[in-house]
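This is what each chain is made of:
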Amino acid sequence: MNSLELLEQQLAYEQETHRHTQSLLEKESLLLDQSNKQLRHLNEQLVQQIKTQEGQRQTSENRYRQLVESVRDIIFKISPEGYFTFVNSRMVDCLGYTQSELVGWHFINLVLPNYRVELISFYQTMIRTGQSDTYIEFPVRAKDGHTVWIGQTVGLVDDDQHIPELVAVARDITKRKHAEDDFLTTQARLASLITNLHTGVLVEDENRTIILVNQLYCDLFGITQAPEVLVGLAFVPVAVPAPSLFTDAMPFRQQMDEAVNKQCAVINEVISLADGRMLTWTYIPIWLDGHYRGHLWQYTDITEKYRSDERIRKSDEKYRGIMNSMELGLLEVDNNQTILRAYERCCNMLGYTEDELVGKNAANLLVPPEFRQVVNGQQGQRRQGNAGSYELPLIRKDGSRIWVLISGVPITNEQGVIVGSMGIHYDLSERKRLEEELYLAKQIAEEVRYTEKQFLANMSHEIRTPLNAIIGFSTMMETTLLDAQQQEFAGFIRTAGKNLLIIVNDILDISKIEAGMLSLESIPFSIHLLADSIRTMLHSMAADKNLHLVVETDSTLPSAVLGDPTRLTQILVNLLSNAIKFTKQGGVTMRIEKQAETDGVVQVRFSVQDTGIGMAADVLPYIFERFRQASDFTTRHYGGTGLGLNIVKSLTELQGGWVTVSSTPGEGSCLTVQIPYKVAPQQIEPVADESVAPSSTDTGDITILVVEDNIMNQKLALQVLKHLGYSAQVAENGQQALEKLQETNFDLVLMDIQMPVMDGYTTTRHIRNTLRSAVPIIAMTAHALASEREQCLQAGMNDFIPKPFQIEELQRIIRKYAPNSGLTALPEKPIKKWVEPASSFSFETLLHAVDDDREFAIELLDLFMVQTPAQVQAIRQALEQNNLATIGGIIHTQKASFKVFGLTELVRLGQLVEASIAANIAMAEVIPLVNRYMQTLDVELAVIRSHV
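- The name an unreviewed UniProt entry assigns to the protein chain is histidine kinase, from the organism Spirosoma flavum.
- Looking at the Catalytic activity (unreviewed entry) heading of the UniProt record, one finds this comment for the protein chain: "ATP + protein L-histidine = ADP + protein N-phospho-L-histidine."

## Things to note about the overall build of the protein chain
Thinking step 1. Each helix and strand counted, the protein chain has 30 helices and 27 strands in total.
Thinking step 2. For the protein chain, long-range pairs separated by at least 24 residues make up 58% of all intrachain contacts whose partners lie at least 6 apart in sequence.
Thinking step 3. As displayed, the protein chain offers around 51800 Å² of accessible surface, 53% of which is attributable to carbon and sulfur atoms.

## A closer look at the side chain of Thr174
Thinking step 1. The topology assignment puts Thr174 in helix α5 (residues 174–196).
Thinking step 2. Contacts of Thr174, omitting those with residues within four sequence positions, involve Thr147, Val148 and Trp149.

## Structural notes on the pairing of strand β23 (residues 703–707)
Thinking step 1. Burial within β23 is extensive, with five of its five residues counted as buried.
Thinking step 2. Every second residue of β23 is oriented toward a common face, with Thr703, Leu705 and Val707 on one face and Ile704 and Val706 on the other, all of them buried.
Thinking step 3. Bridge count between β23 and strand β24 (residues 727–731): five bridges; the pairing is parallel. Across the sheet, Thr703 pairs through a bridge with Ser727, a residue of β24.
Thinking step 4. Handedness of the crossover joining β23 and β24 through helix α21 (residues 711–724) is recorded here as right-handed.
Thinking step 5. Pairing of β23 with strand β25 (residues 748–752), which is carried by four bridges, proceeds in the parallel orientation. The residue bridging Ile704 from the neighbouring strand is Leu748, located in β25.

## Topic: the side chain of Ser407
Thinking step 1. Relative to the helices and strands, Ser407 resides in strand β14 (residues 401–412).
Thinking step 2. Here Ser389 takes part through its side chain, which lies 3.0 Å from a polar atom of the side chain of Ser407.
Thinking step 3. Setting aside chain neighbours within four positions, we find Ser407 in contact with Gly388, Ser389, Met422, Gly423, Ile424 and Thr893.

## Overview of the pairing of strand β15 (residues 418–427)
Thinking step 1. The buried fraction of β15 amounts to seven of the ten residues, a majority that puts the element mostly inside the structure.
Thinking step 2. Pairing of strand β11 (residues 328–334) with β15 involves seven bridges; the strand directions are antiparallel. Residue pairing in the sheet places Leu331 in a bridge with Gly423 of β15.
Thinking step 3. Bridge count for β14 against β15 is nine bridges, and the pairing is antiparallel. Within β15, the residue paired with Ile406 across the bridge is His425.

## A few points about the nonpolar core
Thinking step 1. Membership of the largest hydrophobic core comes to 42 residues, with the highest contact counts inside it found for Phe606 and Tyr677.
Thinking step 2. For this core, the elements supplying multiple residues, two or more each, are α17 (527–544), β17 (548–553), α18 (565–581), β19 (587–598), β20 (601–610), α20 (644–654), β21 (658–664) and β22 (668–679).
Thinking step 3. For this core, the leading source of residues is α18, giving eight residues.
Thinking step 4. Counting 33 residues, the second-largest nonpolar core is a separate cluster that includes Met865, Ala874, Leu903 and Leu937.

## Section: the sheet that holds strand β10 (residues 291–301)
Thinking step 1. Read from one edge to the other, the open sheet built from five strands follows the order β7-β6-β10-β9-β8, with strand pairing classed as antiparallel. Among the strands making up the open sheet, the edge pair consists of β7 (210–213) and β8 (266–272). Neighbour-to-neighbour, the strand axes of this sheet turn through a mean angle of 20°, independent of strand direction.

## Notes on the pattern of salt bridges
Thinking step 1. Tallied over the entire structure, the rule returns 21 salt bridges.
Thinking step 2. Where Asp309 meets Lys305, a salt bridge forms, and the shortest distance between an N and an O atom there is 3.0 Å. Of the two residues, Asp309 and Lys305 are both situated in helix α10 (residues 303–325); the distance of four residues between them amounts to about one turn of the helix.
Thinking step 3. Judged by relative accessible area, Asp309 falls into the partly exposed class, the value being 35%.
Thinking step 4. Using a relative accessible area of 53% as the deciding quantity, one classes Lys305 as exposed.

## Quick word on the sheet that holds β14
Strand pairing in a sheet relies on backbone hydrogen bonds, with the paired strands running either antiparallel or parallel.
Thinking step 1. The strand order across the open sheet built from five strands is β12-β11-β15-β14-β13, with neighbouring strands paired in antiparallel fashion. Both edges of this open sheet fall to β12 (339–342) and β13 (388–395), since each of them pairs with a single strand only. Ignoring strand direction, the axes of neighbouring strands in this sheet form an average angle of 30°.
Thinking step 2. The strands that helix α14 (residues 372–383) touches are β11, β13, β14 and β15; relative to β13, the one it contacts most, it runs at about 140°.

## Some remarks on the packing of α18 against α20
Thinking step 1. For the pair α18 and α20, interaxial distance at closest approach is 10 Å and the crossing angle is 150°. Judged by the sense of rotation from one axis to the other, the crossing of α18 with α20 is left-handed. Between α18, through Arg567, Gln570, Ile571, Asn574, Leu575 and Asn578, and α20, the contact on the second element is made entirely by Gly644, Leu645, Ile647, Val648, Leu651 and Thr652.
Thinking step 2. Across the contact of α18 with α20, the residue classes tally to six nonpolar, five polar and one charged.

## Examining helix α4 (residues 113–129)
Thinking step 1. With 17 residues, α4 extends 25 Å between its outermost C-alpha atoms, agreeing within 8% with the 24 Å of an ideal straight helix rising 1.5 Å per residue.
Thinking step 2. Of the positions making up α4, those classed as buried are Leu119, Phe122, Tyr123 and Met126. Buried residues of α4 fall within an arc of 90° about the axis and therefore sit on the same side. In α4, the exposed positions that point more than 90 degrees away from the buried face belong to Pro113, Val117 and Arg128.

## Let's talk about the environment of Asp301
Thinking step 1. By the secondary structure assignment, Asp301 is in strand β10.
Thinking step 2. Sequence spacing of Asp301 and Val270 is 31 residues, and the spatial spacing of their C-alpha atoms is 9.9 Å.
Thinking step 3. Contacts of Asp301, omitting those with residues within four sequence positions, involve Leu220, Arg277, Met278 and Leu279.

## A look at the packing of aromatic side chains
Thinking step 1. This model, assessed by the stated rule, comprises 19 aromatic pairs.
Thinking step 2. Relative to Phe221, the ring of Tyr217 has its centre 5.2 Å away and its plane inclined at 65°; by these criteria the two rings are edge-to-face. When sorted by exposure, Tyr217 lands in the same class as Phe221, which is buried.
Thinking step 3. An aromatic cluster is present here, built from Tyr217, Phe221, Phe235, Phe246, Phe252, Trp281, Tyr283, Trp297 and Tyr299 joined pairwise through their rings.
Thinking step 4. Over the face of the ring belonging to Trp149 we find Lys177, whose NZ or CZ atom lies 4.5 Å from the ring centre.
Thinking step 5. Of note, Lys432 hangs over the ring of Trp403, and the distance from its end group to the ring centre comes to 4.5 Å.

## Quick look at the confidence of the model for the protein chain
Any region with low pLDDT has predicted coordinates that should not be read closely.
Thinking step 1. Residues at a pLDDT of 70 or more form 77% of the protein chain, whose mean pLDDT is 79.
Thinking step 2. Predicted confidence for residues 630–640 stays below pLDDT 50, and this span has 17 contacts to residues more than four positions away or in other chains.
Thinking step 3. This model gives residues 684–697 a pLDDT under 50, and the stretch forms 26 contacts once residues within four places in sequence are excluded.

## Observations regarding α14
At 3.6 residues per turn, the α-helix brings residues three or four places apart onto the same side.
Thinking step 1. Between its first and last C-alpha atoms α14 spans 17 Å; for twelve residues at 1.5 Å apiece the expected length is 16 Å, and the two agree.
Thinking step 2. The set of residues buried in α14 consists of Val375, Gln378, Gln379 and Arg382. In an axial view of α14, the angular spread of the buried residues amounts to 105°, which keeps them on one side of the axis.
Thinking step 3. For α14, the secondary structure elements touched by its buried residues are β11, α13 (362–366), β13, β14 and β15.
Thinking step 4. One or two positions beyond α14, positive phi appears at Gly385, with a value near 90°.

Cut-offs and rules
- Residues numbered from 1 in each chain as written.
- Predicted model: local features only at pLDDT ≥ 70, side-chain atom pairs only at ≥ 80, totals over all residues.
- Heavy atoms only, no water.
- UniProt positions renumbered as here; feature names shortened; annotations may be inferred.
- Helix = DSSP H or I, 4+ residues; strand = E, 2+ residues; numbered from the N terminus.
- Contact = heavy atoms within 4.5 Å.
- Areas by Shrake-Rupley, 256 points an atom, 1.4 Å probe, with all protein chains shown as cover.
- Buried < 20%, exposed > 50% of the residue type's maximum accessible area, 1.4 Å probe, protein only.
- Pairing = 2+ DSSP bridges.
- Right-handed = clockwise from strand over helix to strand, strands pointing away.
- Polar contact = N/O pair within 3.5 Å; in protein donor to acceptor, adjacent residues only side chain to side chain.
- Core = buried A, V, L, I, M, F, W, Y, C linked by side-chain atoms within 4.5 Å.
- Axes fitted to C-alpha atoms, helices over the stretch in contact; angles between N-to-C directions.
- Salt bridge = Lys/Arg side-chain N within 4 Å of Asp/Glu carboxyl O.
- Left-handed = near helix turned anticlockwise from the far one by under 90°.
- Nonpolar A, V, L, I, M, F, W, Y, C, P; charged D, E, K, R; others polar.
- Expected span 1.5 Å × (residues − 1).
- Arc of directions from axis to C-beta.
- Phe/Tyr/Trp six-rings, centres within 6.5 Å; stacked < 30°, edge-to-face > 60°.
- Lys NZ or Arg CZ within 6 Å of the ring centre and 35° of its normal.
- pLDDT = per-residue confidence, 0-100.

This is the structure:
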């Protein structure tokens, strides 16, 4: 077969195939057309179904959204990456963000930093473990910055693509959190308070189960279990106090059971424990909305307070006893003067019982109307916190009146607020009666004193006037040409006159010391120069007996000290004169040594040693007594009054020093004086010797007027002045003196005091006020009164020289005021030196007074240190007001307690002040005594304060 045939066959096959395929295609096309019709139909049906389902879904979604939006909870969704995919409006309202701001924002941006790690870990764990839902609380930050606490329940769900999402339903729990915090804080505070209370506390519920207990409760009753272990256990088996702890447990248990059964509060009942402790217990039922919810037990250890109260009670009893024994009535009032308490002694004083007084107004009941203003004024002082003392009459229950001294002090409470005052009443009725009697006695005593004073002045004048002539003329006689016998007689006359003058001076000094009228100067002087002067003065006296007189002075002594050189001279001359008088052979040595120097004060010791007759040991304790000598033989053989050493002792002690004596019969005596002196700031220049020889300077131009009524004294004065080289004239009285002064210019006037026609005081005042003359006037008087010098200076005189005068002293005075001396002198006022006393307080004395009760003694010390400064202030106020009555009343009140404390010097000074006030002595004389009393009290207070 050829190729053509083959091609035809193949073509025919392909055509057949094509027809077959075409036939199949037509069949398939028909089927496809049918299928397309079916598909279009199905598609139409599907579209319809989709539209229907979409409508249903939209309806469902709208309902879901309405449901989500209608709930009050916060609802949101979070993607696995942590971004918001949905938030509801409640979340928008709660946090202040819009939905558009929140959706697509990472949730961690809302969470507070401290909670972020915890919350991320929480979500990661939830996704990893596939937990269906969990709950968590955490704080977030709202848009305005405030914190919102969220409590959310979160679930894990899959979307259409099976991707897990977190769906959360949450609520704003901020208020609840704050309430919980407040509750927890309150609970913690309450638990801490109860735990740290100084009382034992246990709380039970209504079933008597322990719900709270602190450690102190366990400690009080010996419970070894910890408080936290007891919580939740039944009270009775584990926490009821054991009966063995109490002195009498049965009544206590009965009270406990009764309190629980009746559910009635019991407050601060006292119970005693077997070991001596004292407790108070309290039962308080707990009610809530009218329902019983348990109770609280509270136990407080009051052992120390109980013991303190007991001590106070016993102290109060002792205090009452002391007050009653001291005859002091105590009355307590409030700020309105309503009586709060009256002590027994006060009730007896007023005639009332305490019940009759308490609650009454003190001023209306007890004080006379005319004195109520005084009480009101004092009450005002109490309200200001000031203490004070005053005298007042009070009306007793029977209508009679008594005078009392009231010392009032304010009373303060624990906060320091003044709530009232206490008055200490001392019955002055007897004192008032005595004051009247004392006033009459004082009048008599003053008359006697004035008479004695005048007698002393007149006696001094009458004795000194002839003595002045005797000593003066005998001295002048010795300067004339006399034979040996005449010279001897003149010497005897002069010596006898001087001895008589010494006796008169000693008697007058003793009188002045006794009367407290001897004043001390405080002027600069040199102990070295004074010692040389005394050695020169007594050298001839020792030489007459062939005795050596040695004065040794410590070179380390200050060049100048402050003190009274006149009184020191009197002391040393007395000691040296005695030593020379009682020594037959050998000599006398005076040593002056510096013992110590501190704070500008030097202690100077003067020792006078002789080789005389000595004294027996049994005589030495009495040698400084007045009118005492070693023996009758001494008096007969050596003479004397026995006043010299007594004056030495008195003058030494007045200057704050002391004197001692040691002696051996046949060998001699040694008297030692030690006196403290302040070191003077300035130097003392050597003083030229002023002898009785006529002055080498030209004194003839100095004219002196002697105003003197006694003829012997006139002649003596003229003779002495002539001997000293001065010209002089005489006037017999003050009137003649005024006439002569108008006629002649005198350089100096020597003025007697007592004269007829016109005395010296009146004459001086006329010279100063009428004649307007400034001529120096020197008083010459035989009076012995301590006030004489002051009266002379006040009258206008320049200085003062006593009769009989020493020629050396007269020469010194004239040189001091003579016109050519170039010196002007002003009257010097004596300065009285006060030496601080040593304290007389002794704690042992106080202990003995309170039967060796040390605690009570210390309590009295405390009370003393509280009351006394207020009394001191009251005395100072009274001094400023010149109120002697108040001063006397306070000092009288203090006297009893000072006796208990052994303050003997204060008691003595107080008695002097009281006596002076009662005698109506002038204020100016009483104030120095009061000042000394106050200075002594300051010393005692400092010592007592050191004991406290």
